[in-house]
Amino acid sequence: MADKQALEQFFREEFPQANFSIEAVGNRHAQIRKQIGFEHLRPGGTVSGPLLMEVADAALYVAILGEIGLVAMAVTTNLNINFLSKPAADRDILANCSLLKVGKTQIVGEVTIYSEGKTEPVAHAVATYAIPLSEGR
């Protein structure tokens, strides 16, 4: 298992391009925050779909590493997302992930994404990660 501090260090070293903050991690759960700027918007004044997919994938990766430790080569094998409502262009995006199945070689989780301060989700994703056996599991 990896705690928030270990994960933040891991992302600084291994993924310096990752631009999100870890709000919480543990017990098969993670919450991350993505600050939204002009570069994340699409015409119509909304957050782009690819950004929401990125946030869903990152939240799942954080939850997985929080559960199994710092396995850099864990990779996404499937990600399905439903866009539910228009995200606010002037609010951070919050992603809450819960792991549904944690196996030796495969992990499945779901992510619900919100605009900060809103109760209705803007997107919901279900994703699967492959975990390499060679990383100590």
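Rules of the game
- Residues numbered from 1 in each chain as written.
- Predicted model: local features only at pLDDT ≥ 70, side-chain atom pairs only at ≥ 80, totals over all residues.
- Heavy atoms only, no water.
- Phe/Tyr/Trp six-rings, centres within 6.5 Å; stacked < 30°, edge-to-face > 60°.
- Helix = DSSP H or I, 4+ residues; strand = E, 2+ residues; numbered from the N terminus.
- Buried < 20%, exposed > 50% of the residue type's maximum accessible area, 1.4 Å probe, protein only.
- UniProt positions renumbered as here; feature names shortened; annotations may be inferred.

An unreviewed UniProt entry lists the protein chain under the name PaaI family thioesterase, with Shewanella corallii as the source organism.

Draft legend 1. Up close: the packing of aromatic side chains. Counted under the stated rule, the structure contains 8 aromatic pairs. When the ring of Tyr 61 is compared with that of Tyr 129, the centres are 5.8 Å apart and the planes differ by 15°; the resulting orientation is stacked. Of this pair, Tyr 61 sits in helix α2 (residues 49–68) while Tyr 129 sits in strand β8 (residues 123–130); the two residues are 68 residues apart in sequence, bridging distant segments of the chain. Exposure remark for Tyr 129: the relative accessible area of 3% places this residue in the buried category.

Draft legend 2. Summary view of the UniProt feature "transmembrane region" (unreviewed entry) in the protein chain. Under the UniProt annotation, "transmembrane region" (unreviewed entry) lies at residues 58–81. Annotated as 46% helix and 29% strand, the span residues 58–81 places its first and last C-alpha atoms 14 Å apart.

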